[in-house]
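The chain contents come next:
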Amino acid sequence: MLQQELPGSDERDRLRWQCRRGMLELDLLLEAFLEEDYPGLPDQEKEAFSRFLGLEDPQLHDWLMGGGSPDDPAFAALICKLQTSLHNNPRATSSDT
Amino acid sequence: MDMTLPRRRFDTLIIGAGGAGLNAALQLADSGLRVAVVSKVFPTRSHTVAAQGGVNAALANVLPDSWHWHMYDTVKGSDFLGDQDAIEFMCREAIPTVYELEHAGVPFSRLDNGKIYQRAFGGQNQDFGGPQAARTCAAADRTGHAVLHALYQQNIRAKTHFFDEYFAIDLLRDEEGVALGALVLEIESGDTLVIEAKTTLIATGGCGQVFRTTSNARINTGDGMAMALRAGIPLQDMEFFQFHPTGIAGKGKLITEAVRGEGGYLINGNGERFMERYAPTARDLASRDLVARAIVTEINEGRGCGINKDYVLLRVDHLGEEIIAKRLPGIRESARIFAGLDPALEPIPVFPTAHYSMGGIPTDRFGRVVVPAGEGAEEVVPGLYAAGECACASVHGANRLGGNSLLDILVFGRAAGKDIIDYIKENPHHRPLSEPSLERAVAHLDRWDHQPEKKPAGKGKAKPAAESSVRELREEFRKVMEDHAGVFRTPKSMAEGVKQLKAIRRKLRGLRLKDQSRVFNIARIEALELENMVDVGMAIAVSALGRKESRGAHSREDFPVRDDRQWMKHSLYFREKDRLEYKPVRSKPLTVKGFPPAERVY
Ligand SMILES: Cc1cc2nc3c(=O)[nH]c(=O)nc-3n(C[C@H](O)[C@H](O)[C@H](O)COP(=O)(O)OP(=O)(O)OC[C@H]3O[C@@H](n4cnc5c(N)ncnc54)[C@H](O)[C@@H]3O)c2cc1C
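Residues numbered from 1 in each chain as written. Chains lettered and ligands numbered in written order. Predicted model: local features only at pLDDT ≥ 70, side-chain atom pairs only at ≥ 80, totals over all residues. Heavy atoms only, no water.

Caption draft 1: View of the packing of helix 3 (residues 84-104) of chain B against helix 11 (residues 404-426) of chain B. Residues and elements named next belong to chain B. Close contact between helix 3 and helix 11 brings their axes to 9 Å; oriented N to C, the two are set at 85°. The angle between the axes of helix 3 and helix 11 places the two elements in the roughly perpendicular class. Here A86, F89, M90, E93, A94, P96, T97, E100 and L101 of helix 3 come into contact with helix 11, specifically with N404, L407, D408, L410, V411, F412, R414 and A415. Looking at the contact of helix 3 with helix 11, its residues break down into 11 nonpolar, two polar and four charged. (Axes fitted to C-alpha atoms, helices over the stretch in contact; angles between N-to-C directions. Helix = DSSP H or I, 4+ residues; strand = E, 2+ residues; numbered from the N terminus. Parallel < 35°, antiparallel > 145°, perpendicular 65-115°, else oblique. Contact = heavy atoms within 4.5 Å. Nonpolar A, V, L, I, M, F, W, Y, C, P; charged D, E, K, R; others polar.)

Structure (structure tokens):
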């Protein structure tokens, strides 16, 4: 219903909302990654990130907190980058954000 | 103004798809009503997913238990501010509610005999304050997710109509005050839609994001609470906000109490174990509120750590790598990821983190929204319901017990669902939509685009609109809340906080959107959320300044003790003129004798 075409809509804006999750931990990591790392990713990894966001919160949380690893190699690479996203991002590391 | 907005009609509208909203929806859809559920994020991304600990019910599967003991603990935990009729109802209903969830498919952890396993948590006792009880039912460490997932699946089966990624803007009410539905915005397209309904349930969850340091997800901006305020409904007991003492500084992520249980301790900027001064015996294991206040006192008195001296340190390195790995799995990874350090080598910077709002939209035990009706009486707002963390039934009073919040959302979500069924039987027809109410809602949205570029009204000091973006103002606001309406409350600081919030409110009125595109305009959503947060923040600050005693989570330096003679009453904050009213606590339970106020010793 009310479907509209999305002329010129920025994929990043769509993803920005997909980074809003039910757990603070995910919000922090996904948002920092989207702002800092995502723009420079090759298309293939961008696509993997978009798929990654389609998964359930506890799954993402487990992987990011070091519990188990995904079968999909593209996800494994993403997870490594996400785990350090807060600390590659100077804005996010200052204690007064 | 364009009033030809698309309209959809349902028997009932539910705003929010967390545990409260989905449990209500399920009762309604199962009874054959047409139910619309609006959620700003996909339902299973609601904040309920974060609840890992579990849900309380006196099933007595592990140790002896009874709903009456559960009730006693809850009344005592509330510091005697909870309504005892609602508390009795919740503790009794806990038992069938958990069994109903089990039938809905929640995979609770089990004992060898097949019964639901139950954990012991703080604040749970047998026999009215006697030995430890074990009352918390959990589905491994994914209780919240398991509940959401099961309820979502059941709702799909029952044909509940979901509006995923729709943002509710404002409630619609007619001239007689009857609830008519809401104006909502589809986030993807930016299109607005009017959802007309015979009843409306607000189930939008908490508002932890109003504080700079919080354990709550970004979506917890108190939208439903602010919608109620704008519709002329007061918020109850907003001064009571639960803080967890150890959040990672600047991030808010919780570091579990278990860390201190295993021997971790706090130090200040001078390297001193300061808890020894505040609680000579319990030290780092003193109650949550006491530890949180001690941390903030150290910082306020200049003994914080870091360049800005704005946090203290939690040491665990002395425990050694092996113990950390064995007894505190997860902590090392969390500290690495969120604080950028290895706790086996370095201490973790911590600060109290805003965790749970005890206050909210006032309701009775049927989930019906109630407002004052002169001289101590209350009346129901026809067709309007609230349940979950956004509501105040009030079962948590001045402090909530662990595991009682999932219980609250499920019990009162269910109760609201059942009451709505009866209401619709008696009120089977849609009422005409009130155009003035719709116009106000549309104007609230449109003002972000069309407001003329001039200085905001009020004192000339406020910055012109363009200088201060929504994000900057949000951070300024959250800092004011943390400094002036957080853990540590002095009259001077609270009054200063209210003053600064008023200035922020003025600045906010002067803001408009730079990017006025419609499609996926997240800046627009964030602007609306900020408006909501500022309204809720003001409710917290004004209510805190008003309550001249210390009770539960509300602690003032100038009135350090509980004062039952004058203050055993609920506060009600009205947005209009930032006004406060009070109403009595309901100390009479439904069937048993009430528990009179006693000193709270643990
Ligand atoms: C880290 C953490 C751990 C916790 N652990 C426990 C625990 O173990 N046990 C326990 O009892 N409690 C726990 N709690 C508390 C408990 O999780 C929450 O109080 C509870 O889940 C709130 O549920 P809810 O249904 O009221 O709201 P939520 O689950 O927050 O859902 C709110 C819904 O409203 C929607 N919404 C909000 N605003 C809008 C809008 N403007 N338009 C449309 N939709 C909107 C959201 O999309 C969402 O669907 C914990 C809390 C935290 C922060």
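Caption draft 2: Expanded view of the site of the ligand. Residue and element names in this part refer to chain B. Taken together, 36 residues lie around the ligand, and S46, T48, E389, S405 and L406 are the ones closest in. A distance of 2.8 Å is found between an oxygen atom of the ligand and a side-chain nitrogen or oxygen belonging to S39. Contact between the ligand and A168: a nitrogen atom at 2.8 Å from a main-chain N or O atom of the residue. Residue assignment for the shell around the ligand shows that the elements contributing at least two residues are helix 1 (19-30), strand 2 (35-39), strand 7 (166-173), strand 14 (348-357) and helix 11. Top contributing element to the shell around the ligand by residue count: helix 11, with four residues. (Near = heavy atom within 4 Å. Polar contact = N/O pair within 3.5 Å; in protein donor to acceptor, adjacent residues only side chain to side chain.)

Caption draft 3: Main features of the side chain of D284 of chain B. All names here are of chain B. Among the secondary structure elements, D284 is positioned in the loop between helix 7 (275-278) and helix 8 (288-300). A polar contact of 3.0 Å, which involves the side chain of D284, links it to the side chain of R273. Not counting the four nearest positions on each side in its chain, D284 is found in contact with R260, G264, Y265, L266, R273, M275 and V291.

Caption draft 4: Structural detail: the pairing of strand 16 (residues 368-372) of chain B. All names here are of chain B. When strand 16 meets strand 17 (residues 378-386), the two strands line up antiparallel, connected through four bridges. Within the sheet, the bridge partner assigned to V371 lies in strand 17 and is E379. Turn length for the strand 16-strand 17 hairpin, with the two strands adjacent in sequence and antiparallel, is five residues, and the turn residue G374 shows positive phi of about 70°. (Pairing = 2+ DSSP bridges.)

Caption draft 5: Main features of the environment of H70 of chain B. Residues and elements named next belong to chain B. Mapped onto the secondary structure, H70 falls in helix 2 (residues 67-77). A C-alpha to C-alpha distance of 8.9 Å links H70 and R92, two positions 22 residues apart in sequence. In contact with H70, other than residues within four places in its own chain, are N56, A57, A58, C91, R135, N404 and L407. Side-chain polar atoms of H70 contact the side chain of N404, separated by 3.0 Å.

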